[in-house]
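Geometric and topological summary
One-letter residues, chain by chain:
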Amino acid sequence: MAYQGVTCREFLKPQSSCSQIGVLVHCRFKLSKTPTSGSRAIDLDQCAGVPWVTLAQEPRVRLCFPQTYKDMRKTQYKFYWRKAALYADWRKEEFEAATVTLDADTAHPSLSLSQDRKCITWQEEDQNLPDNPQRFSSLACVLGQLQITSGRYFWEVDIADTVSYDLGICRDNVTRKGRVTISPQNGFWGIRLYNKEYWALTSPETLLTLRQHPRSVGIFLDYDDGDVSFYNMTDGSHIFSFPQNTFQSMLRPFFRLWDSDSGSLTIVH
């Protein structure tokens, strides 16, 4: 990888904050081992605990960092990833890939689940299923078996052939009988595709503009930090992040189809 030298004036400045990319660079970048004439090299490995150096015009110290802008951006992202809505592939490095299967006991009678509990389709005639307390009876929803009370997880859902759906996470104790509105106030954090429009299921709902129709959506949950984010896994772009929450109960993946024309939802992993 090519490197280029950048001079700096303030070296080892404690508690410096990052305000502008290209102005502050994280200390994991190494100072040159072979400085040019008139410069001196300092090894940042010996500077543990000092988060930033400030770039300026001073010829005596040369800071070397990856030449590409993307490498700079990724390094900054890795430091501030909780606040940055960038690049799904980078975010996946901070999260555990969850194994998600569907909980048949929660499935609305209009939903048919595949044998491996990974795919949801619409059943033309309602199935004769026991009306247990866990089962959705009004909205055509089903929950994932995964139960989350801490940690960071992500999973992907194939929506290439889906015309209308809701996807996201919800509290384990959400209302499943009678009238239900999918919103954070009712314990749901999700996105929707309906009538060729994408919505974040805030209250009121937020219309989303996507630069590319996703064939797969990634759901990223950081339970401890209260973050729920959605990414277009087709091009890696950010779709939406809900305002920070404080979770105090078990969370589970949820899935919804709207009608017989909705298509299918398939959990990738």
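Please read these numbers as outputs of a predicted model, since none were measured by experiment. (Residues numbered from 1 in each chain as written. Predicted model: local features only at pLDDT ≥ 70, side-chain atom pairs only at ≥ 80, totals over all residues. Heavy atoms only, no water.)

1. A short note on the overall build of the protein chain
Scanning the protein chain from N- to C-terminus turns up 2 helices and 18 strands. Among the 269 residues that make up the protein chain, the fraction classed as buried is 49%. The contacts in the protein chain between residues at least 6 apart in sequence include a share of 67% that link residues at least 24 apart. (Helix = DSSP H or I, 4+ residues; strand = E, 2+ residues; numbered from the N terminus. Buried < 20%, exposed > 50% of the residue type's maximum accessible area, 1.4 Å probe, protein only. Contact = heavy atoms within 4.5 Å.)

2. A look at the packing of aromatic side chains
Tallied over the full model, the rule gives 9 aromatic pairs. Consider the rings of F95 and F220, whose centres lie 5.4 Å apart with planes at 85°: the pair is edge-to-face. Highlighted residues: F95 in the loop between helix 2 (88–92) and strand 5 (96–97) and F220 in strand 14 (residues 216–222), separated in sequence by 125 residues. Of the two residues, F95 and F220, both sit in the buried class. Seen from their ring centres, F220 and Y231 are 5.2 Å apart, and the 70° between their planes marks the pair as edge-to-face. Of this pair, F220 sits in strand 14 while Y231 sits in strand 15 (residues 227–232); the two residues are 11 residues apart in sequence, bridging distant segments of the chain. Taken as a pair, F220 and Y231 share a single burial class, namely buried. (Phe/Tyr/Trp six-rings, centres within 6.5 Å; stacked < 30°, edge-to-face > 60°.)

3. Notes on the nonpolar core
The nonpolar side chains of a soluble globular protein tend to be buried, and buried together. Counting 38 residues, the largest nonpolar core has I120, W155, I169, V217, F255 and L265 as the members making the most contacts within it. Apart from the residues within four sequence positions on either side, W155 is in contact with A98, V100, L146, I148, G168, I169, V217, G218, I219, P253 and H269. With 11 residues, the next largest nonpolar core counts C170, V174, I182 and F188 among its residues. (Core = buried A, V, L, I, M, F, W, Y, C linked by side-chain atoms within 4.5 Å.)

4. Points about the confidence of the model for the protein chain
Overall, the prediction assigns the protein chain a mean pLDDT of 77, with 68% of residues at 70 or greater. Confidence over residues 1–67 falls short of pLDDT 50; this stretch has 128 contacts with residues more than four positions distant or in other chains. (pLDDT = per-residue confidence, 0-100.)

5. Quick look at the pattern of salt bridges
Any two side chains of opposite charge can pair, on the condition that their charged atoms come close. In total, this model carries 8 salt bridges according to the counting rule given. A salt bridge links D131 to K177; its shortest N-O distance comes to 2.7 Å. Separated by 46 residues along the polypeptide, D131 in the loop between strand 7 (119–122) and strand 8 (141–143) and K177 in the loop between strand 10 (165–171) and strand 11 (188–194) bring together distant segments of the chain. Given a relative accessible area of 61%, D131 falls into the exposed group. The exposure class assigned to K177 is partly exposed, which follows from its relative accessible area of 31%. Its salt-bridge partner being R252, residue D172 comes within 2.8 Å of it at the nearest N-O pair. Of this pair, D172 sits in the loop between strand 10 and strand 11 while R252 sits in strand 17 (residues 251–257), and the two are 80 residues apart along the sequence. (Salt bridge = Lys/Arg side-chain N within 4 Å of Asp/Glu carboxyl O.)

6. Focus on the sheet that holds strand 13 (residues 206–208)
Here 6 strands make up an open sheet; going across it, the order is 8-17-10-11-12-13 and the pairing antiparallel. Looking along the sheet, the strands with just one partner apiece sit at the ends: strand 8 and strand 13. Across the sheet, the mean angle separating the axes of adjacent strands is 20° when strand polarity is ignored. The pairing of strand 10 with strand 11 spans 6 bridges and is antiparallel. When the bridges of strand 11 are listed, Y165 appears paired with L193. (Pairing = 2+ DSSP bridges. Axes fitted to C-alpha atoms, helices over the stretch in contact; angles between N-to-C directions.)

7. So, a negative patch on the surface
A cluster of like negative charges, contributed by E124, E125, D126 and D261, occupies part of the molecular surface. Tracing the backbone through its elements, the reader meets D126 in the loop between strand 7 and strand 8. (Patch = residues over 30% accessible without salt bridge, like charges linked within 9 Å, V, L, I, M, F, W, Y side chains within 5 Å. Areas by Shrake-Rupley, 256 points an atom, 1.4 Å probe, with all protein chains shown as cover. Lys, Arg positive; Asp, Glu negative; His and termini not counted. Charge placed at Lys NZ, Arg CZ, Asp CG, Glu CD.)

8. Observations regarding the pairing of strand 17
Most of strand 17 sits out of view: 7 of its 7 residues are buried. In the sheet, strand 8 pairs with strand 17 via 3 bridges, with the strands oriented antiparallel. Residue pairing for strand 17: V142 is matched across the bridge by F255.

9. Concerning the environment of L167
Considering the arrangement of structural elements, one finds L167 in strand 10. Separated by 10 residues in the primary sequence, L167 and V157 place their C-alpha atoms 8.6 Å from one another. Aside from chain neighbours lying at most four places away, what touches L167 is V157, I159, W189, G190, I191, V217, F230, F254, F255 and L265.

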